[in-house]
Amino acid sequence: MSIEIKNVTKKFGKTVAVDAITAKIDEEKIYGILGRNGAGKSTLLNIISNRIIATDGEVLVDGEEAVENNSAQEKVFLMSEVDMYPQSMNTAEILKWTSKFYPDTDIEKGKEIAKRFTLDIKKGIGQLSTGYRTIAKFVAAIASNAKYTFLDEPVLGLDANHRELLYKIIVEEYAENPRMIAVATHIIEEVAGLLEEVIIIEKGKVIETDSVENLLSRGYGVTGKAELVDGFCANKNVIGTESIGSLKIAYILGHDNISEIPDGLEISPLNLQKLFIVLTGGEEEVK
Amino acid sequence: MKLKAAVLYRYEKYLKVIGLFAGLLIIPIIGALVATKKNNYPIFDRYSLYLAGICAVMSFVFGITSYKPIFKFFLQNGVSRQSTHASFILNLPVCVVLAAVECLIHNTVVLISNQMLSSANKPFTDAFADIFNYQGGVLKILVMHIIIESLAFMMLMSLGYLLSAVFSGMKHFYKVLVIAVLAVIIILSFILSAVTDSYISLGMPAWIAFILYFIFGGLGNFYLNHFISSMIILIILFTSISHLLIRKAIVRK
Amino acid sequence: MNFRFTGDKPIYIEIAEQLEDAIFTDIYPEETQIPSTTELSVSLSINPATVLKGMNILVDGGIIYKKRGLGMYVCTGAVEKIRQKRQQGFYESYVAPLLSEAKKLGLDENEIISLIKGGNADEH
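This one's a predicted model, so the numbers in the text were calculated from it and none came from an experiment. (Residues numbered from 1 in each chain as written. Chains lettered and ligands numbered in written order. Predicted model: local features only at pLDDT ≥ 70, side-chain atom pairs only at ≥ 80, totals over all residues. Heavy atoms only, no water.)

Colleague: Is there a simple way to explain empty space enclosed by the protein in this structure?
Modeller: To find the voids left in a structure, one rolls a probe of water-molecule size over its atoms. Using the criterion set out here, one finds two cavities of 30 Å³ or more in the structure. Around the largest cavity, the lining residues are A:Val8, A:Ile47, A:Ile52, A:Ala54, A:Gly57, A:Glu58, A:Val59 and A:Val67. In terms of residue count, strand E4 (residues 56-61) of chain A provides more of the lining of the largest cavity than any other element does, three residues in total. When its volume is computed, the second largest cavity comes out at roughly 30 Å³. A:Ser49, A:Arg51, A:Gln73, A:Val76, A:Phe77, A:Leu78, A:Tyr102, B:Leu75, B:Gln76 and B:Gly78 are the residues that line the second largest cavity. Of all elements in the fold, only strand E6 (76-79) of chain A together with helix H3 (68-76) of chain B reach the threshold of two or more residues within the lining of the second largest cavity. Classifying every residue of the lining of the second largest cavity gives five nonpolar, four polar and one charged. (1 Å grid on protein atoms, 1.4 Å probe; cavity = no way out; pocket = protein on both sides within 12 Å on 5 of 7 lines; lining within 4 Å. Points joined across faces, edges and corners; volume = space filled by probe spheres on them. Helix = DSSP H or I, 4+ residues; strand = E, 2+ residues; numbered from the N terminus. Nonpolar A, V, L, I, M, F, W, Y, C, P; charged D, E, K, R; others polar.)

Colleague: I'm lost on the pairing of strand E12 (residues 237-244) of chain A in this one. Help?
Modeller: Residues and elements named next belong to chain A. The pairing of E12 with strand E13 (residues 247-253) spans seven bridges and is antiparallel. Within E13, the position partnered with Gly-240 by the bridge is Tyr-251. What sits between the antiparallel neighbours E12 and E13 is a turn of two residues, in which Gly-245 has the positive phi angle 60°. (Pairing = 2+ DSSP bridges.)

Colleague: When you look at the nonpolar core in this model, what are you seeing that I'm missing?
Modeller: Proteins that are soluble and globular tend to have nonpolar side chains buried together. Within the largest apolar cluster, 117 residues are counted, with the highest numbers of intra-cluster contacts made by A:Phe101, A:Phe138, A:Ile170, A:Leu195 and A:Leu272. In terms of residue count, the dominant contributor to this core is helix H7 (residues 138-168) of chain B (12 residues). Setting aside its immediate chain neighbours within four residues, A:Phe138 contacts A:Met79, A:Ile113, A:Phe117, A:Leu151, A:Leu166, A:Ile169 and A:Ile170. Residues A:Val8, A:Val18, A:Ile25 and A:Ala72 belong to the second largest nonpolar core, which totals 28 residues. (Core = buried A, V, L, I, M, F, W, Y, C linked by side-chain atoms within 4.5 Å. Buried < 20%, exposed > 50% of the residue type's maximum accessible area, 1.4 Å probe, protein only. Contact = heavy atoms within 4.5 Å.)

Colleague: How should I be thinking about the side chain of A:Glu196 in this particular structure?
Modeller: Counting through the fold element by element, A:Glu196 comes out in the loop between helix H7 (188-191) and strand E9 (197-202). Here A:Glu196 is buried and forms no salt bridge, its nearest opposite-charge partner A:Lys29 lying at an N-O distance of 4.9 Å. (Lys, Arg positive; Asp, Glu negative; His and termini not counted. Salt bridge = Lys/Arg side-chain N within 4 Å of Asp/Glu carboxyl O.)

Colleague: Where do I start with the sheet that holds strand E11 (residues 219-225) of chain A in this structure?
Modeller: Strand pairing in a sheet is mediated by backbone hydrogen bonds. Such pairs are either parallel or antiparallel. Residues and elements named next belong to chain A. An order of E12-E13-E11-E14 is seen for the four strands of this open sheet, with the pairing classed as antiparallel. Both edges of this open sheet fall to E12 and strand E14 (266-269), since each of them pairs with a single strand only. Adjacent strand axes in the sheet meet at a mean angle of 25°, parallel and antiparallel pairs treated alike. Note: E11 against E14, four bridges, orientation antiparallel. (Axes fitted to C-alpha atoms, helices over the stretch in contact; angles between N-to-C directions.)

Colleague: So what exactly am I meant to see when it comes to the interface of chain A and chain C here?
Modeller: Accessible area lost upon the coming together of the parts serves often as the stated size of an interface. Taken together, the 16 residues of chain A in the interface contact 17 residues of chain C. For the pair chain A and chain C, the summed buried surface comes to about 1,100 Å²; carbon and sulfur atoms form 60% of the total. The interface formed by chain A and chain C includes one salt bridge. Between C:Lys53 and A:Glu213 there is a salt bridge, with the nearest N and O atoms lying 2.5 Å from each other. Taken together, the links from chain A to chain C amount to four residue pairs in polar contact (both at pLDDT 80 or more). At the level of elements, helix H6 (160-176) and E14 of chain A are the ones that each hand at least two residues to the side of chain A that touches chain C. Counting residues per element, the side of chain A that touches chain C draws most heavily on H6(A), at seven residues. (Buried area = accessible area lost by both parts, 1.4 Å probe. Polar contact = N/O pair within 3.5 Å; in protein donor to acceptor, adjacent residues only side chain to side chain.)

Structural data, given as structure tokens:
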């Protein structure tokens, strides 16, 4: 059982927001859909959830066409960055209606989560702060129990405590009630531990899709004096470097000749954030 | 499942509004009755169509609010565009409820007001029955009143929905353009009909006469069957065009 | 138990190491239960698959074992096993880096030995 994205393209006028993306999203895993702002993450999620209609290609949810298909969409819940709920609606009402549209919704669970965030469920979402509006949407998403739950920038406007709580709830939810939960974000450092699989999107294209484990084991980092590092890297596939004074870090793909590490160099594993920055081409604009 | 919930959502939303509206009406109605008593003159008589007018505006507003906010809410909840549109059509019968409420309140008030005045024990009549020259017993007249209003309200609701669909699909520039063009056409039609002396004996521009003719089947004489069929044609026309618009609709911020 | 991730190693290895450390320092004595995968993953906000992978390293090493339907338990003799393993690794983990650092600082053998002795003396 999975969501299959086949050759999906979306053009807005002349701009290609999603460019022939093919990917597979398995059930019961936590995914990270990573990409810089404007990479096409939200557009792709909007296509999966039938909010935007693709220019080309198709999306199958457990083998069923996702476009204009209520029974396929009953398995898909997208918590989006944009507000889709009527402004006057409060969280209690959102939960009530979510349960009508998504039959597996657990209203009590939603109220429980709202309580942990001290969210006032009787307050219209239009009157809530940005952070609490995000929380209200998150509450609905988790309560929906949808088989494929997508969270688009789920920590928008949240302070550090609430972010931590939100990540904790995702894992808790996943552990108690295994289902696919995808977190689309450009803030990778915080979610890295959460993720099992990642899909990295850059300029409308999927540039990597793999398990975090495989991705990180593809290479390593090497730190030391610049000339030593350069010498070591000479015949290796270097995907990026960083310099701090005369200290240099190089990120290398592959494990050729790793045993011959000269003195003065240190080896470290890749981390997701670093790999992401390197893969998506440089540090500008990346936080 | 999705369609059922969608229909339920629409009914809950508009039945609440109708209930609230009926509740709030008590105040102006009591006021009108007090004034009736004081002046010994009926504020509400059988011809007064204030309430019908307010309900007509309300059904148009129902139509306008039936599109964008609900479309967005339904997309969030995985309802297809087809089902969103179907749920709108299945929701049109709220207009029957609105018409029934209007008919009930209107006639009750007229009855009370007649009782208060010396002119009691008048035979029961109804404005719509008069307009359409409709003969029949009290029950038949009341049913006809509700049918006429229901159809008119449904037509207005579909029109509001269609306009809302047209406008939310447009960029700001085109919205302004459409409004400007419409305004120019209407003003021009008045000027043209004045200049070309195309006023019909009723003293109205030809295009208004045309609309009246289309809707009622005549200018002086209104024909019930013609009215019913023209309403049905308009409802089908408006909902069909909005169906075409919603099929590929997306949310614009 | 207090987990701290340094980011120097893959998370599952850090989980294995820190669990091992907790067992070695008697936080989880032999034949007692250690936290479940779920408990650990929730309290650390780490994917359960990652936690499980860390635990499996300890299972493979004979440090913990699974009691069907009950959870993970510390093996009898686990502490001794860890001690042996760490003794074997002591040179690589502690002595070698010490020597390499000493070399960078230009300390000779005698100076190092006297530092080790002196360091002890300083603490008293």
